[in-house]
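Residue-level structural notes
Here is how the chains run, residue by residue.
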There are 2 protein chains.
Amino acid sequence: PGKKVLIVYAHQEPKSFNGSLLKIAVEELTKQGCSVTVSDLYAMQFEPRATRNDIVGHLHNSEAFNYGVETWEAYKRGGLSKDLVQEQKKVQEADLLIFQFPLFWFSMPAILKGWMDRVLVQGFAYDLSKAYDGGLLQDKLSLFSFTTGGSKEKYAIRGDIRYLLWPMQHGIMHFCGVKVLEPHICYAPEHASEEKRKEMLTAWTQRLKTLWKEEPIDCSPEWYFK
Amino acid sequence: PGKKVLIVYAHQEPKSFNGSLLKIAVEELTKQGCSVTVSDLYAMQFEPRATRNDIVGHLHNSEAFNYGVETWEAYKRGGLSKDLVQEQKKVQEADLLIFQFPLFWFSMPAILKGWMDRVLVQGFAYDLSKAYDGGLLQDKLSLFSFTTGGSKEKYAIRGDIRYLLWPMQHGIMHFCGVKVLEPHICYAPEHASEEKRKEMLTAWTQRLKTLWKEEPIDCSPEWYFK
């Protein structure tokens with residue numbers, strides 16, 4: 001109640017299973033009294049490419065463009081492009097970040113990766129020696145909620161699904177100081193029966209009901225690779 | 001000699017260290033008699049977003065847009081957008097794919113992830129039971145060549161750098177049936193002395209000289225997580 005949630009959503013189709021998961025999260029969290037904001041990346045036509053356009057005005061070094069340095073400098077002088085400033089404001093205000101997406105190639109769709117690349121700039125999300133438990137986005141939670149194309153069994157054949165969570169949960173969220181809740185994975189909804197799909201949607205609603213009581217995972221190599 | 005190489009390159013600045021690594025690869029491989037093609041993603045303003053625009057003409061199901069299904073169907077009837085067809089042709093002809101990029105958040109920059117998401121569609125790169133060693137892009141090699149922001153020591157503190165290679169090398173290339181050579185990693189060139197940078201460039205030239213004699217890695221969980 002009173003908590004602020006940002007859902008960063010990366011699916012093209014509102015009628016998709018991801019769209020249903022989004023709708024459930026908005027409804028359930030709103031019902032709890034949370035204030036929910038959605039960044040609907042495809043609808044926003046969010047730009048995933050990290051380019052010179054992200055810096056308003058002059059460059060720090062126009063001789064050789066260095067994206068990391070330029071966005072860091074631009075952040076410090078308030079010179080990042082408007083779309084980035086808006087997303088950073090949403091992140092700053094949020095107590096919980098939910099990423100809702102279909103798994104593409106063992107990772108996020110490019111449009112969501114572009115959100116990470118462009119929004120979480122140095123100075124805002126981390127700094128020189130401010131990373132991991134010292135990252136700049138303290139006191140926030142994150143949750144990766146995604147659907148897969150393949151079945152749970154298919155993923156298990158060649159190693160644990162947790163292996164692919166490492167770059168996203170540890171490499172991005174933990175790096176910025178954000179705590180990580182257990183991921184929420186819906187396996188192969190496209191190949192599931194209508195009944196099974198409903199069960200998966202109900203399970204998400206149920207989880208959200210007690211979400212604020214959950215403890216973050218221990219985001220160390222042991223959790224991922226035992 | 002006579003081999004075909006596609007370099008998919010994701011850096012905004014030709015004068016960058018990544019730009020130098022690209023230049024070296026083009027020169028050295030051309031000198032060996034290879035035919036080298038470069039997809040310079042930022043220069044091409046390559047589109048990373050997976051949208052309806054990737055399908056020319058009618059949709060298979062216009063009621064609810066499903067990117068995976070639509071691109072699969074479009075591939076079969078020759079209805080993918082021109083930029084994708086061009087990239088697929090380059091991949092089809094290549095004996096070796098080199099991905100040259102700066103590591104962004106334990107992974108590829110979004111523009112390169114978008115290349116993977118959009119180019120490697122079902123029917124072209126894999127199919128129903130045609131994945132991993134049965135993937136459709138047989139008899140090809142791949143090599144991930146990237147620079148990092150942090151030092152080798154920083155990456156080693158919290159687990160092995162190989163952990164983050166899993167989704168890229170195994171989840172994408174191995175899934176498509178492409179064999180994987182040892183990655184080529186240049187640690188923190190931005191913080192290195194001019195001498196050290198030259199050494200790193202020389203090491204890349206040297207490696208390329210005997211590249212065709214290399215054996216692919218065993219792309220199993222053991223290689224990544226021991």
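- For chain A, an unreviewed UniProt entry supplies the name Ribosyldihydronicotinamide dehydrogenase [quinone] and the organism Rhipidura dahli.
- Quoted verbatim from the Catalytic activity (unreviewed entry) heading of the UniProt record, the comment on chain A is "1-(beta-D-ribofuranosyl)-1,4-dihydronicotinamide + a quinone + H(+) = beta-nicotinamide D-riboside + a quinol".
- Under the Sequence similarities (unreviewed entry) heading, UniProt states for chain A: "Belongs to the NAD(P)H dehydrogenase (quinone) family."

**Focus: the packing of aromatic side chains**
- Enumeration over the complete set of coordinates arrives at 41 aromatic pairs over all chains.
- Centre to centre, the rings of Phe101(A) and Phe146(A) are 5.4 Å apart; their planes meet at 25°, and the pair counts as stacked. Here Phe101(A), found in strand S3 (residues 96-102), pairs with Phe146(A), found in strand S4 (residues 141-147); they are 45 residues apart in sequence, far enough to count as distant.
- An angle of 35° between the planes, with centres 5.7 Å apart, marks the rings of Tyr163(A) and Phe225(A) as tilted. Pair noted here: Tyr163(A) is in the loop between helix H5 (152-157) and helix H6 (166-174) and Phe225(A) is in helix H8 (residues 221-225), with a separation of 62 residues, a long-range link. Side by side, Tyr163(A) and Phe225(A) carry an identical accessibility label, which is buried.
- What links up through ring pairs into an aromatic cluster is the set Tyr163(A), Trp166(A), Trp223(A), Tyr224(A), Phe225(A), Tyr163(B), Trp166(B), Trp223(B), Tyr224(B) and Phe225(B).
- When the ring centre of Trp223(A) is taken as origin, the NZ or CZ atom of Arg162(A), which lies over that ring, is 3.7 Å away.
- Across from the ring centre of Phe46(B), 5.0 Å away, lies the NZ or CZ of Arg118(B), which sits over that ring.

**Brief notes about the relation of the copies chain A and chain B**
- After a rotation of 180° and a shift along the axis of 0.0 Å, chain A superposes on chain B with an RMSD of 0.0 Å. Such a combination of turn and shift is consistent with a two-fold rotation axis. The C-alpha atom lying nearest the rotation axis in chain A is that of Ala110(A); the distance is 2.4 Å.
- The overlap is high: 100% of the interface residues of chain A also sit at the interface in chain B, so the same surface is used on both sides.

**Describing the packing of helix H3 (residues 82-93) of chain A against helix H4 (residues 110-119) of chain A**
Residues and elements named next belong to chain A.
- Running from N to C, H3 and H4 cross one another at 90°; their axes reach a closest spacing of 10 Å. With respect to each other, H3 and H4 are oriented roughly perpendicular. Contacts from Asp83, Leu84, Glu87, Gln88 and Val91 of H3 reach H4 at Trp115, Arg118 and Val119.
- Per-class residue counts for the contact of H3 with H4 are four nonpolar, one polar and three charged.

**Comments concerning the interface of chain A and chain B**
- At the junction of the two partners, chain A supplies 48 residues and chain B supplies 48 residues.
- Both faces considered, chain A and chain B share a buried interface measuring about 4100 Å² in area, 63% of it formed by carbon and sulfur atoms.
- For chain A, the biggest contributors to the area lost against chain B are Arg49(A), Trp105(A) and Arg158(A); these three give 22% of the whole.
- Where chain A touches chain B, the interface holds zero salt bridges.
- At the surface where chain A touches chain B, the tally comes to 20 residue pairs in polar contact (both at pLDDT 80 or more).
- Mapped onto the side of chain A that touches chain B, the elements with two or more residues apiece are helix H2 (67-76), H4, H6 and H8 of chain A.

**Topic: the side chain of Gln88(A)**
Residue and element names in this part refer to chain A.
- Summarising the element assignment, Gln88 is placed in helix H3.
- Residue classification places Gln88 among the buried positions, given a relative accessible area of 6%.
- Discounting chain neighbours no more than four positions away, the residues touching Gln88 are Tyr75, Leu80, Val119, Val121 and Phe124.

Calculation notes
- Residues numbered from 1 in each chain as written.
- Chains lettered and ligands numbered in written order.
- Predicted model: local features only at pLDDT ≥ 70, side-chain atom pairs only at ≥ 80, totals over all residues.
- Heavy atoms only, no water.
- UniProt positions renumbered as here; feature names shortened; annotations may be inferred.
- Phe/Tyr/Trp six-rings, centres within 6.5 Å; stacked < 30°, edge-to-face > 60°.
- Helix = DSSP H or I, 4+ residues; strand = E, 2+ residues; numbered from the N terminus.
- Buried < 20%, exposed > 50% of the residue type's maximum accessible area, 1.4 Å probe, protein only.
- Lys NZ or Arg CZ within 6 Å of the ring centre and 35° of its normal.
- Least-squares fit on C-alpha atoms with pLDDT ≥ 70 in both.
- Contact = heavy atoms within 4.5 Å.
- Axes fitted to C-alpha atoms, helices over the stretch in contact; angles between N-to-C directions.
- Parallel < 35°, antiparallel > 145°, perpendicular 65-115°, else oblique.
- Nonpolar A, V, L, I, M, F, W, Y, C, P; charged D, E, K, R; others polar.
- Buried area = accessible area lost by both parts, 1.4 Å probe.
- Salt bridge = Lys/Arg side-chain N within 4 Å of Asp/Glu carboxyl O.
- Polar contact = N/O pair within 3.5 Å; in protein donor to acceptor, adjacent residues only side chain to side chain.

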